[in-house]
Amino acid sequence: MQDLIKRLVELYGPTGREEQVAQYISDVMEPLVDQIHTDAMGNLIAIKRGPADAKKIMLAAHMDEIGVIITDIDDDGFLRFSNIGGVSPFTLIGQRVRFADGTIGVFGQEKLDEIKDLKFSKMFIDIGATSRQEAETKVNIGDAGVYHREFTLQGQRVIAKSLDNRIGCAVLIETARRLQTSPHEIYFVFTSQEEVGLRGARTAAYSIDPDYGIAVDVTGTGDTPEAPRMAVSLGKGAAIKVKDRSVITHPKVKDLLVNTAKAKGISYQMEVLERGGTDAGSIHLTRSGVPTGAVSIPSRYIHTPSEMVDLGDVDDCVKLLVAALEGPWTRAIEE
Ligand code: CO
Ligand code: ZN
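Procedures and definitions
Residues numbered from 1 in each chain as written. Chains lettered and ligands numbered in written order. Predicted model: local features only at pLDDT ≥ 70, side-chain atom pairs only at ≥ 80, totals over all residues. Heavy atoms only, no water. Donors = N, O, S within 2.8 Å, 3.2 Å for Na, K, Ca; no water. Tetrahedral: all angles 85-135°; square planar, octahedral: opposite > 155°, others 65-115°. Helix = DSSP H or I, 4+ residues; strand = E, 2+ residues; numbered from the N terminus. Buried < 20%, exposed > 50% of the residue type's maximum accessible area, 1.4 Å probe, protein only. Disulfide = S-S within 2.5 Å. Pairing = 2+ DSSP bridges. Right-handed = clockwise from strand over helix to strand, strands pointing away.

Looking at the zinc ion (ligand 2), one finds its protein donor set to be His62 (NE2), Asp164 (OD), Asp217 (OD) and Asp217 (OD), positioned 2.0 to 2.6 Å from the metal centre. Because the angles between the four donor atoms bound to the zinc ion (ligand 2) fall within 51 to 145°, the donor set is best described as irregular. Within one chain, the residues donating to the zinc ion (ligand 2) are spaced in sequence as H-x101-D-x52-D. Between the zinc ion (ligand 2) and the cobalt ion (ligand 1) the interatomic distance comes to 3.3 Å, and Asp164 is a ligand of both metals. Residue His62 is located in strand E3 (residues 56-62), and its partner Asp164 is located in helix H5 (residues 163-178); the two are separated by 102 residues in the primary sequence. Both residues of the pair, His62 and Asp164, count as buried.

What follows is the structure, encoded as structure tokens:
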């Protein structure tokens, strides 16, 4: 699974440009499912058919990663940029950006009296060009860039860019690999454009019209020095979401996940995320409403170039999903 994670995090896939990620995942998922296609929004939908009376369960993990987008190029070849999703200017100092064609840029900033005044409008990207013309041979207005960072495995811990949410994609793929039999029809959905407002999941859920939903994404932790209080720690198991800014999970789906974890002896922790949302936010509001839960991978330093997750937690998330999908849902949820 380490190789799968490394491949996924090093792919280029800013919001709206998920094609490379979708292509790679499609190749990996094809032998594991009955049907696979990409829709107009760029979602990759892989379907494992079930018996005739099967309920439809939609699993969702977003493929896109946060990034920057070029807004202007000056006469000396410096690029101005805006953010795609939740990027802080402070995380960009000293970092590198990579564009679709492999061009690397360095983030620089104008003279500032106080560092707290740093904002995107005071920053630029330097790709080593000496003129606008030279810069334009490599990049153009509207091109998107992502953090340029390599994958690192240290003990049980992975350090990489875009673990939000390629680690969720890896969990879905591994779940499809390990799942032997299920009474359900399962839609493994690798969604687009989550980082700008859960957009891909919205249309995917509409077309699939699922009976139940589960989003798989990263969540924060409260286990670093002077961290904001949060009862989630790295290495303590799969996080079962109760609430974030986009969703209050369906209590019976949440209970089903908790009861499954207890019955199978899988480590889990309850998650209340005070900031941020996830694809569950779009899925549960689809049509007349979809009972939806979420399984989260605890992650430190989310939305920085060096996010960190624990492989034990990743494995617990896979085990929890496999065990939950093997069992019946209707009685547990609708009674
Ligand atoms: Co994110
Ligand atoms: Zn995410």
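Let's pick the thread back up.
Turning our attention to the state of the cysteines. Scanning the entire structure with this criterion turns up zero disulfides. Distance from the sulfur of Cys169, which forms no disulfide, to the nearest cysteine sulfur (Cys317) is 13 Å. In this structure Cys169 comes out as buried when scored by relative accessible area, which is 0%.

Along any regular strand the residues' side chains alternate between the sheet's two faces. Both strand E14 (residues 238-243) and strand E15 (residues 268-272) contribute to a ladder of five bridges, which runs parallel. Residue pairing in the sheet places Ala239 in a bridge with Gln269 of E15. With respect to chirality, the unit in which E14 leads through helix H7 (residues 251-264) into the neighbouring parallel E15 is right-handed. Relative to strand E16 (residues 292-298), E14 runs antiparallel, the two sharing two bridges. Pairing of Ile240 across the sheet is with Val295, part of E16.

Across the two faces of strand E11 (residues 157-160) the burial differs, with Val158 and Ala160 buried and Arg157 and Ile159 not buried at all. The pairing of strand E10 (residues 152-154) with E11 spans three bridges and is classified as antiparallel. Bridging across to E11, Leu153 finds its partner in Val158. Bridging between E11 and strand E17 (residues 307-310) involves four bridges; their strand directions are antiparallel. Along E17, the bridge assignment pairs Arg157 with Asp310.

Scope: geometric values only; no functional claims are made or implied.
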